[in-house]
Amino acid sequence: MAKKKSGLGNGLASLMGGASLEAAPAGATENAANAPAPVAAAASVQQLPAGITQDEQGQLWVDPALLKPNPHQPRQEFDQEKLNELAASIREHGVIEAIIIEDAGDGTFYIVAGERRTRASRLAGLTKVPVQLRHFSEQKKLEIALIENIQRADLNAIEEAQAYYNLMELGGLNQEQVAARVGKKRSTVANAVRLLKLPEDMQSAIVQGKLSAGHARALLAVSEAADQRALFDRITTEGLSVRQAEAAVAEFAEAAVHTQTKKLAAAGGRDLPPSPPEMRDPDFAALEGQFRDALGTKVVLKGDLERGTLQIEYFSRADLDRLYSIFTRE
């Protein structure tokens, strides 16, 4: 049965100018050389840069030693065990999918899509791999690398967040536009980029799998740096669950109200704030977070799971239009 392509797959193909990444098998061994090859770039042998060869079927080949990472490659972490597994598969079957490259102008080539395949090919000892030679703008190179990694779930949360941010900076795009380019919801992009507000060691903990996305959201909800640091230490040393971390956030908020109350009382009792709120039901607080993630904006739930009010904030006319389209499905 043919595998159904995802929406992201179609989006990546459109970025590639209509070329599919699901190319026909093309090996880099003698046995695989006769297999159907991916469609080659429309260029004659005379037009090809030094280092690239073309076979009788029109497929382009290059030594993987001449390939270097896309300068906008969002992925920084590569699982060595998985690379070894891919290398073993490549030894057996060859490189199934052509690597998309761009001439670097110095005798080498940038990998636009396929760095993991390139690394595994080197491990497998290949001296040539199938490629497609293209030219892209800097923004397109980032978009293609980002979408390719998202399709394969190859990015950790921080790499994905940094890639979204870089795409916004490089292309002058807002979160809505980035979300449309990569086939994600705006709230997904917004929540990812927020992770970059965390200190570097907390970001590293996310990369290493010591913090989950839920833990990260709890840390971002803490306004005071000292409290955020204390909560991070508790999560990593005591192994707090996400729910326990959210409860700790509520405790910090309550303590802040008490502190402010004492300061105002010491100043003469002017403009005393209301009594500290009761501890929120963790399920209710989690539900508020789910609304915030789904809508991509600030949401406040008041009451309890049985009765209350839902307050949704917007920050521009475009934001209001976006929320309207969500609720009306237009």
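Quantities reported herein were computed from a predicted structural model and do not represent experimental measurements. (Residues numbered from 1 in each chain as written. Predicted model: local features only at pLDDT ≥ 70, side-chain atom pairs only at ≥ 80, totals over all residues. Heavy atoms only, no water.)

Asks: Would you take a moment to explain the overall build of the chain for this structure?
Replies: Helices and strands together make up the secondary structure of the chain, namely 13 helices and eight strands. Counting all 330 residues of the chain, 38% fall into the buried class. Of the roughly 18500 Å² of accessible surface on the chain, 51% is carried by carbon and sulfur atoms. (Helix = DSSP H or I, 4+ residues; strand = E, 2+ residues; numbered from the N terminus. Buried < 20%, exposed > 50% of the residue type's maximum accessible area, 1.4 Å probe, protein only. Areas by Shrake-Rupley, 256 points an atom, 1.4 Å probe, with all protein chains shown as cover.)

Asks: Got a minute to help me understand the nonpolar core in this structure?
Replies: Judged by nonpolar contacts, the single largest core of 20 residues is most densely connected at Leu195, Leu198, Ile206, Leu211, Leu219, Leu231 and Ile235. Secondary-structure elements contributing two or more residues to this core are α8 (200-207), α9 (213-220), α10 (225-238) and α11 (242-266). Beyond its immediate sequence surroundings of up to four residues, Leu219 is in contact with Leu198, Met202, Leu211, Gln228, Leu231, Phe232 and Ile235. (Core = buried A, V, L, I, M, F, W, Y, C linked by side-chain atoms within 4.5 Å. Contact = heavy atoms within 4.5 Å.)

Asks: Please explain the pattern of salt bridges as it appears in this structure.
Replies: Proximity of charged atoms lets side chains of opposite charge pair with each other. Per the stated rule, a full pass over the model turns up seven salt bridges. Across the pair Arg117 and Glu97 runs a salt bridge, and its minimum N-O distance is 3.5 Å. Here Arg117, found in helix α3 (residues 115-123), pairs with Glu97, found in the loop between α2 (80-93) and β4 (99-103); they are 20 residues apart in sequence, far enough to count as distant. Considered together, Arg117 and Glu97 belong to a single accessibility category, that of buried residues. Residue Asp201 is joined to Arg229 by a salt bridge in which the shortest nitrogen-to-oxygen separation is 2.5 Å. Linking Asp201 in helix α8 with Arg229 in helix α10, this pair joins segments that are 28 residues apart in sequence. Judged by relative accessible area, Arg229 falls into the partly exposed class, the value being 29%. (Salt bridge = Lys/Arg side-chain N within 4 Å of Asp/Glu carboxyl O.)

Asks: Explanation requested: the environment of Ile99 in the structure shown.
Replies: Position of Ile99 among the secondary structure elements: in strand β4. A C-alpha to C-alpha distance of 7.6 Å links Ile99 and Thr118, two positions 19 residues apart in sequence.

Asks: Please explain the packing of α9 against α10 as it appears in this structure.
Replies: When two helices pack together, their arrangement is given by the angle between the helix axes and the distance between those axes. Relative to each other, α9 and α10 sit at 155°, their axes nearing to 9 Å. Put simply, α9 runs roughly antiparallel to α10. Along this stretch, α9 crosses α10, giving a crossing that reads as right-handed. The residues of α10 that touch α9, namely those facing His215, Ala218, Leu219 and Leu220, are Gln228, Leu231, Phe232 and Ile235. Split by residue class, the contact of α9 with α10 holds six nonpolar, two polar and no charged. (Axes fitted to C-alpha atoms, helices over the stretch in contact; angles between N-to-C directions. Parallel < 35°, antiparallel > 145°, perpendicular 65-115°, else oblique. Left-handed = near helix turned anticlockwise from the far one by under 90°. Nonpolar A, V, L, I, M, F, W, Y, C, P; charged D, E, K, R; others polar.)

Asks: Honestly, the pairing of strand β7 (residues 299-303) in this entry has me stumped. Any pointers?
Replies: Working note: regular strand, side chains alternate between the two faces of the sheet. Here β7 pairs with strand β8 (residues 308-312) via five bridges, running antiparallel. Opposite Gly303, over in β8, you have Gly308 as the bridge partner. Here β7 folds back onto β8 in antiparallel fashion, the turn holding four residues. (Pairing = 2+ DSSP bridges.)

Asks: How do you make sense of the packing of aromatic side chains when you look at a structure like this?
Replies: How two aromatic rings sit relative to each other is given by the distance of their centres and the angle of their planes. Tallied over the entire structure, the rule returns zero aromatic pairs. Note that Lys128 overlies the ring of Trp61, its terminal NZ or CZ placed 5.0 Å from the centroid. (Phe/Tyr/Trp six-rings, centres within 6.5 Å; stacked < 30°, edge-to-face > 60°. Lys NZ or Arg CZ within 6 Å of the ring centre and 35° of its normal.)

Asks: Honestly, the side chain of Arg186 in this entry has me stumped. Any pointers?
Replies: Residue position: Arg186 is located in helix α7 (residues 186-194). As a buried residue without a salt bridge, Arg186 has its nearest oppositely charged side chain in Glu176, at a separation of 4.0 Å. (Lys, Arg positive; Asp, Glu negative; His and termini not counted.)

Asks: What is the right way to read the confidence of the model for the chain from this model?
Replies: Caution applies to low-pLDDT parts of the model: their predicted coordinates are not meant to be read in detail. When pLDDT is averaged along the chain, the result is 75, and 73% of the positions lie at 70 or above. Within the chain, the lowest mean pLDDT, 44, falls on helix α1 (residues 7-15), and the highest, 92, falls on strand β2 (residues 60-62). The low-confidence segment residues 1-16, where pLDDT is below 50, has 29 contacts with residues more than four positions distant or belonging to other chains. Under a pLDDT of 50 for its full length, residues 18-45 has, in the predicted model, 60 contacts with residues more than four places off or in other chains. (pLDDT = per-residue confidence, 0-100.)

Asks: What is the right way to look at the sheet that holds β4 in this model?
Replies: Pairing between the strands of a sheet comes from backbone hydrogen bonds, and it takes one of two forms, parallel or antiparallel. The strand order across the open sheet built from six strands is β1-β2-β6-β4-β5-β3, with neighbouring strands paired in mixed fashion. Two strands lie at the open edges of the sheet, namely β1 (52-54) and β3 (67-69), each paired on one side alone. The mean inter-strand angle of the sheet, taken between neighbouring strand axes irrespective of direction, is 50°. The sheet contact formed by β4 and strand β6 (residues 129-133) spans three bridges and is parallel.

Asks: Hey, could you run me through the packing of helix α5 (residues 157-171) against helix α6 (residues 175-182) in this one?
Replies: Closest axis-to-axis distance for the α5/α6 pair is 10 Å, and the angle between their directions is 115°. When the axes of α5 and α6 are compared, the pair comes out roughly perpendicular. Our pair here, α5 against α6, has a crossing hand that is right-handed. Between α5, through Tyr164, Leu167 and Met168, and α6, the contact on the second element is made entirely by Gln175, Val178 and Val182. Its residues placed into classes, the contact of α5 with α6 shows five nonpolar, one polar and no charged.

Asks: Where do I start with α10 in this structure?
Replies: Helical periodicity: at 3.6 residues per turn, an α-helix aligns residues three or four positions apart in one direction. The first and last C-alpha atoms of α10 sit 19 Å apart over 14 residues, in line with the 20 Å expected at 1.5 Å per residue. Considered for burial, the residues of α10 that qualify are Gln228, Leu231, Phe232 and Ile235. Taken down its axis, α10 places every buried residue within 100° of arc, on the same side. Exposed side of α10, more than 90 degrees from the buried face: Ala226 and Thr237 are the residues found there. (Expected span 1.5 Å × (residues − 1). Arc of directions from axis to C-beta.)

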